[in-house]
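A closer look at the structure
Each chain, written out:
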Amino acid sequence: MKILVAIARTPDTTAPIDFVDDGKKYKEEGVQFIINPYDEFALAKAMDLKDERQDVEVTVISVDSNKADQLLRKALAIGADKAVRIDVEPEDAWQAAGEIVEWIKKSGEQFDLIFTGKETINYNGGLVGGFIASLLGYTYVPETYKLNITDDGKLDIVREIEGGRVYLKAEMPAVITAVEYLAEPRLPSMRGIMQARTKPFSVEQPAGIQPLTTTVKHYLPPKRKECKLIDPENIEELVEILHKEIKVI
Amino acid sequence: MAVLVYTEHEDGKVKRSSYELTAYASELAKQFNAGPVVAVSFGNIADSELATLGKVGAEKVINFQGEGTDQVDPTLFFENMKNVLDELSPKFVVFGANNSGRALAPLVSAYLKYGLVPGVVELPREENGKLIFKKNAYSGKAFADYLVNTEGAVIMLMRNSFDYELGEGNAQVEVRQAEGNKAYVIEKVEKATGKVPLTEADVVVSGGRGMKGPENWYLLEELAEELGAALACSKPVSDMGWRPHTEHVGQTGLTIRPTLYIAVGISGAIQHLAGVSGSRYIVAINKDPEAPIFKACDYGVVGDLFEVVPKLTQAIREFKKKQAGG
Ligand SMILES: Cc1cc2nc3c(=O)[nH]c(=O)nc-3n(C[C@H](O)[C@H](O)[C@H](O)COP(=O)(O)OP(=O)(O)OC[C@H]3O[C@@H](n4cnc5c(N)ncnc54)[C@H](O)[C@@H]3O)c2cc1C
Ligand SMILES: Nc1ncnc2c1ncn2[C@@H]1O[C@H](COP(=O)(O)O)[C@@H](O)[C@H]1O
């Protein structure tokens, strides 16, 4: 069974958010980059499946400049078998997905499962998985909370939806997007780090997919006005505000 | 030409967020002279209820019914929407920035080859013949302007970003049988327990680790009852199993944008704020005046929640009684 995990590079969750080039680009100086947190869950799930079954091969892929090398190496150290990097920093999810699909077609690989994260924490799209599924004609299972493969090769899935969960069965090949709790993220072991050095890592030229959207600029939200403190002994003041200003009672 | 909008309903009623989406679609149609607004809806619901989408400018609603239409199935829903896309050639297709939007919008965008902008918070502006949309980015910590390079656009609108009013009018309703393949076999659907769905709620009362334990949640339930609010919680609260994971808001949980968010015993970590910073008003109750939540809220009460919350609930109750009494 072949599994592909798509990995995006995002700023550390606590990194300050600031922009350069008239807001065009994120200010990367001094910022630590991480594997997008949801992609960590996806990768961990792929590792769990590898542990459960004998026949699993896991490839990790990132559409990015060499800034992603270190993260792909980490994924190899965690236990992925192969890494692929497509050498372009994509403008949007369409370009990222398109490049991944072109590489799949060119390489002739047949993936049974493709994992992505639910969304990236910087672009907040949640689109790459849907685009890949659409372009390859795979079953699309967004926001997957639990996943098992049954003996007859079906996917046994729990999906998160607003205000609840859906239990379902689906067929492979499928694109799965991971939410938190899909699996427990893993840390690389010393042995894994050593082994990663000899695992296949290929850098590919982009196919030249054009983005459908481009970023004009970023900006920071207006600051909230200073918090007004209310004396707990005079809670009626807050009730007045709820009524007059916020108008919820 | 047309503007297509994907709408949803629950318990026989069109969702509030769907009126917002349709109103947004109508404004787009007007602004860009893009033709009539047509809503697409799936699952069993009364024609008369769907017709109310006319109050926010829908001219027509196409309702797909039949097996498999009660829960979003990307394959089945998309195959049926595809026919509508072919018939109408819309310039814009509008979805909510929620899980049904994420399930369907990428498929529509890939089919039409229209740029897709997720997390839109405003109407677009036009510059040199190109559309620019303002969107949410960095999990609520920034905004970005996205330029769409294609003729039309697929939009996923953030909830509570567009003010609208219900006017007059009835949409014409056309019922069709859904046909086609399905992606899944659905075995069971589990609904969260709250009376008001969290992502639809206008007011949200949320508890953190300061609540000390699940046995104290009745304090928040009583406050929520008075306000007609939904309940939410911080991540550690759901990790410890005090509350269901479906109530967890923040970077790894739900993103909500209610009119009022009341944070009780929540420190206000940046990952928590990522899920709630779009709220119009934030009120915090916390005993630590240094808690970061006081840097992110509009009104704050520094005090012991076990005293402040019951007092607030009581004061609201009395206020409402006084109002009702004249
Ligand atoms: C990658 C990542 C993702 C994360 N995602 C999320 C997320 O999605 N959502 C989320 O919420 N967190 C998330 N977190 C965790 C986040 O960093 C915080 O740890 C968490 O939000 C803290 O929860 P809390 O405010 O309930 O608890 P605490 O930080 O422990 O705060 C409890 C607060 O209660 C107050 N308090 C205590 N007793 C009382 C009392 N009697 N009266 C009044 N106030 C009292 C205290 O002063 C304190 O401010 C994430 C972390 C990481 C690293
Ligand atoms: N540049 C990229 N390279 C590889 N995978 C990506 C890239 N961007 C996004 N992804 C994957 O797609 C998911 C959703 O991303 P997005 O649509 O950008 O929010 C991420 O969690 C990743 O799994």
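Below you will find a few notes about this structure. As the structure is a prediction and not an experimental result, all values here were calculated from the model.

Rules used in this analysis
Residues numbered from 1 in each chain as written. Chains lettered and ligands numbered in written order. Predicted model: local features only at pLDDT ≥ 70, side-chain atom pairs only at ≥ 80, totals over all residues. Heavy atoms only, no water. Helix = DSSP H or I, 4+ residues; strand = E, 2+ residues; numbered from the N terminus. Buried < 20%, exposed > 50% of the residue type's maximum accessible area, 1.4 Å probe, protein only. Contact = heavy atoms within 4.5 Å. Lys, Arg positive; Asp, Glu negative; His and termini not counted. Charge placed at Lys NZ, Arg CZ, Asp CG, Glu CD. Expected span 1.5 Å × (residues − 1). Arc of directions from axis to C-beta. Near = heavy atom within 4 Å. Polar contact = N/O pair within 3.5 Å; in protein donor to acceptor, adjacent residues only side chain to side chain. Areas by Shrake-Rupley, 256 points an atom, 1.4 Å probe, with all protein chains shown as cover. Nonpolar A, V, L, I, M, F, W, Y, C, P; charged D, E, K, R; others polar. Buried area = accessible area lost by both parts, 1.4 Å probe. Salt bridge = Lys/Arg side-chain N within 4 Å of Asp/Glu carboxyl O. Phe/Tyr/Trp six-rings, centres within 6.5 Å; stacked < 30°, edge-to-face > 60°. Lys NZ or Arg CZ within 6 Å of the ring centre and 35° of its normal.

All right, on to the overall build of chain A then. Along the backbone of chain A there are six helices and 15 strands. By its C-alpha atoms, chain A is 65 × 45 × 40 Å across when sized along the principal axes. Burial status across chain A gives 56% buried among its 249 residues. Pairs at least 24 residues apart make up 68% of the contacts formed inside chain A by residues separated by at least 6 positions. Distance between charge centroids for chain A: 2 Å, based on 32 positive and 42 negative side chains.

Residue and element names in this part refer to chain B. Between its first and last C-alpha atoms helix α8 (residues 305-324) spans 28 Å; for 20 residues at 1.5 Å apiece the expected length is 28 Å, and the two agree. Within α8 the residues assigned to the buried category are L305, V308, V309, L312, T313, A315, I316 and F319. Around the axis of α8, the buried residues are gathered within 165 degrees of arc, so they sit on the same side. Opposite the packed face of α8, turned more than 90 degrees from it, sit the exposed residues E307, K321, K322 and A324.

Turning to the site of ligand 2, a few remarks are in order. Residues and elements named next belong to chain A. For ligand 2, the set of nearby residues contains 20 residues, the closest of which are A6, D39, V63, G126 and L127. Within the contact set of ligand 2, a nitrogen atom lies 3.4 Å away from a backbone nitrogen or oxygen of I7. Contacts to ligand 2 include T120, whose backbone N or O atom sits 2.9 Å from an oxygen atom. When ligand 2 sits alone it has 480 Å² of accessible area, and the protein chains cover 94% of it. When contributions to the shell around ligand 2 are tallied by element, the ones reaching two or more residues are β6 (57-63), α3 (93-107) and β8 (113-117).

At the junction of A:M172 and A:P173, the peptide bond is cis and its omega measures out at 0 degrees in the coordinates. Within the secondary structure layout, A:P173 lies in the loop between β11 (164-170) and β12 (174-178). In the Ramachandran plot, B:D11 falls in the positive-phi region, its phi being about 50 degrees despite a non-glycine side chain. Mapping B:D11 onto the fold places it in the loop between β2 (9-10) and β3 (13-14).

Once that is clear, we can look at the site of ligand 1. Near ligand 1 lie 27 residues; those nearest to it are B:R209, B:S234, B:S267, B:H272 and B:N286. One finds residues of chains A and B in close proximity to ligand 1. Contact distances for ligand 1 include 2.7 Å between an oxygen atom and a side-chain N or O atom of B:H272. Here ligand 1, which alone exposes 990 Å², has 79% of that area covered by the protein. Where the shell around ligand 1 is concerned, the elements lending two or more residues are α6 (235-239), α7 (270-273) and α8 of chain B. Here the residues of the shell around ligand 1 sort into six nonpolar, 15 polar and six charged.

Contacts between the two partners involve 73 residues from chain A and, on the opposite side, 86 residues from chain B. A combined buried area of about 7200 Å² lies between chain A and chain B, and 58% of that area is made up of carbon and sulfur atoms. Connecting chain A to chain B are four salt bridges. Between B:K235 and A:E180 there is a salt bridge, with its nearest N and O atoms 2.6 Å apart. Scanning the region where chain A abuts chain B turns up 32 residue pairs in polar contact (both at pLDDT 80 or more). Only α4 (128-136), β9 (139-149), β10 (155-161), β11, β14 (213-219), β15 (228-229) and α6 (236-244) of chain A provide two or more residues apiece to the side of chain A that touches chain B. Tallied by class, residues from the side of chain A that touches chain B come to 38 nonpolar, 16 polar and 19 charged.

Here we take up the packing of aromatic side chains. As enumerated under the stated definition, the model contains 18 aromatic pairs over all chains in all. Here B:F42 and B:F77 contribute two aromatic rings whose centre-to-centre distance is 3.8 Å and whose plane-to-plane angle is 5 degrees, an arrangement assigned as stacked. Of the two residues, B:F42 is situated in strand β4 (residues 37-42) and B:F77 in helix α3 (residues 74-88); the sequence distance between them amounts to 35 residues. Assessed through its relative accessible area of 6%, B:F42 is described here as buried. Using a relative accessible area of 2% as the deciding quantity, one classes B:F77 as buried. An angle of 75 degrees between the planes, with centres 5.8 Å apart, marks the rings of B:F78 and B:Y111 as edge-to-face. Of the two residues, B:F78 is situated in helix α3 and B:Y111 in helix α4 (residues 99-112); the sequence distance between them amounts to 33 residues. Overall, B:Y111 belongs to the partly exposed group, its relative accessible area being 35%. One residue, A:R9, lies across the ring of A:F33, its end atom 4.7 Å from the ring centre.

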